[in-house]
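Spelled out from the first residue to the last, the chains are:
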Amino acid sequence: MYRKKHKRKVRRVVIFTSDAVDAKAKQWRLHPWLINLLLLLVCILVGGVTGYFMYEGQIWAGVQETLDQKDKDIAMLQEENNALTLEVESLTAKITLLSDTVNQQAQNADELENQLAEQSMPTASPLTGSARTEEISDGEPMCIFTGKEDSTVVATATGTVLSIEDDEAYGHKVTIDHGNGYMTVYRNKGDVKVREGDSVARGTTLYIMGEDNLQLCYQVLRDGVFIDPLEMLDVSG
């Protein structure tokens, strides 16, 4: 007759005792699964501690390498920042220099424009040397200058010779347009030294006085209207 075998139960007992004579022993009964769990935990702990100490050096080496690379990157960025700062300072200096140059050129241009505008005002004397002056206000205002031989009739401002015509009383008539609303008229019997269309500067010779042409009739027009020539001469002082 078949007899069923019973599985034998294994009990494990942990006994704690002391070497004292009167010491009592203490014992605990542990289930097998609890012992296995404790062994597993101990193995895991031992493995973790072992792995930590084995790979700790590699971990710290990796961390240190990362930190070193970051320090290099920071140093490189700092160098680039310093280079850019120097470049910005250089560009700023160039911009300042260019700005000063432009301002100086603008100032020079304004001064030149003012000088040109001043040169275009018929304020200078139309005759070199000393001369006797007679003002005529009847009709068209004019000024009669009586000079000396070899005196020169000159343009009183920059402009363009508008016309050269014959004049019944004085022989020739030269009209100069100064381009700013002013025109001047020079009447004299001498030979004309310019031609129509010529650009003339202040002081350009128009006639040379001789023994038979010592008188100059000088007139000024402003916006097409004759004005007193001495009024403009007074402006120049």
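Our subject in this report is the structure included herewith. The structure displayed is predicted, hence computed values, not measured ones.

Observations regarding a negative patch on the surface
On the surface, Glu65, Asp68, Asp71 and Asp73 cluster together into a patch of negative charge. Tracing the backbone through its elements, the reader meets aspartate 73 in helix 1 (residues 32–119).

Things to note about the nonpolar core
General note: in soluble globular proteins, nonpolar side chains tend to be found buried as a group. Ranked by size, the top nonpolar core spans 21 residues in total, and within it Phe145, Val153, Ile176, Tyr186, Leu206 and Leu216 carry the most contacts. Looking at this core, the elements that each hand over two or more residues are strand 4 (142–146), strand 7 (171–177), strand 8 (182–188), strand 10 (205–208), strand 11 (215–222) and helix 2 (229–235). Among the elements that line this core, the one with the most residues is strand 11, at three residues.

Points about the pattern of salt bridges
Applying the stated criterion across every chain, the model contains three salt bridges. Arginine 222 serves as the salt-bridge partner of glutamate 231, at 3.6 Å between the closest nitrogen and oxygen. Accessibility expressed as a relative area gives 36% for glutamate 231, which makes it partly exposed. According to the relative accessible area criterion, arginine 222 is partly exposed, its value standing at 31%.

Details of a nonpolar patch on the surface
A cluster of nonpolar side chains, contributed by Leu45, Val49, Tyr52, Phe53, Met54, Tyr55, Ile59, Trp60, Val63 and Leu67, occupies part of the molecular surface with about 1,100 Å² of accessible area. Along the polypeptide, methionine 54 turns up in helix 1. For methionine 54, a relative accessible area of 55% gives the class exposed.

Some points on the pairing of strand 3 (residues 132–136)
Sheet topology places strand 3 next to strand 4; five bridges connect them, and they run antiparallel. Of the residues in strand 4, the one forming a bridge with threonine 133 is phenylalanine 145. Where strand 3 folds back onto strand 4 in an antiparallel hairpin, the turn is made up of five residues, including glycine 139, whose phi is positive at roughly 70 degrees.

Quick word on the side chain of serine 151
Looking at the element boundaries, serine 151 is found in the loop between strand 4 and strand 5 (152–154). Serine 151 sits in the buried class, given a relative accessible area of 8%. A polar side-chain atom of serine 151 sits 2.9 Å from the main-chain carbonyl oxygen of lysine 148. With residues near it in sequence (within four places) discarded, serine 151 still touches Leu127, Thr128, Tyr207, Ile208 and Met209.

Scoring rules and cut-offs
Residues numbered from 1 in each chain as written. Predicted model: local features only at pLDDT ≥ 70, side-chain atom pairs only at ≥ 80, totals over all residues. Heavy atoms only, no water. Patch = residues over 30% accessible without salt bridge, like charges linked within 9 Å, V, L, I, M, F, W, Y side chains within 5 Å. Areas by Shrake-Rupley, 256 points an atom, 1.4 Å probe, with all protein chains shown as cover. Salt bridge = Lys/Arg side-chain N within 4 Å of Asp/Glu carboxyl O. Lys, Arg positive; Asp, Glu negative; His and termini not counted. Charge placed at Lys NZ, Arg CZ, Asp CG, Glu CD. Helix = DSSP H or I, 4+ residues; strand = E, 2+ residues; numbered from the N terminus. Core = buried A, V, L, I, M, F, W, Y, C linked by side-chain atoms within 4.5 Å. Buried < 20%, exposed > 50% of the residue type's maximum accessible area, 1.4 Å probe, protein only. Pairing = 2+ DSSP bridges. Polar contact = N/O pair within 3.5 Å; in protein donor to acceptor, adjacent residues only side chain to side chain. Contact = heavy atoms within 4.5 Å.

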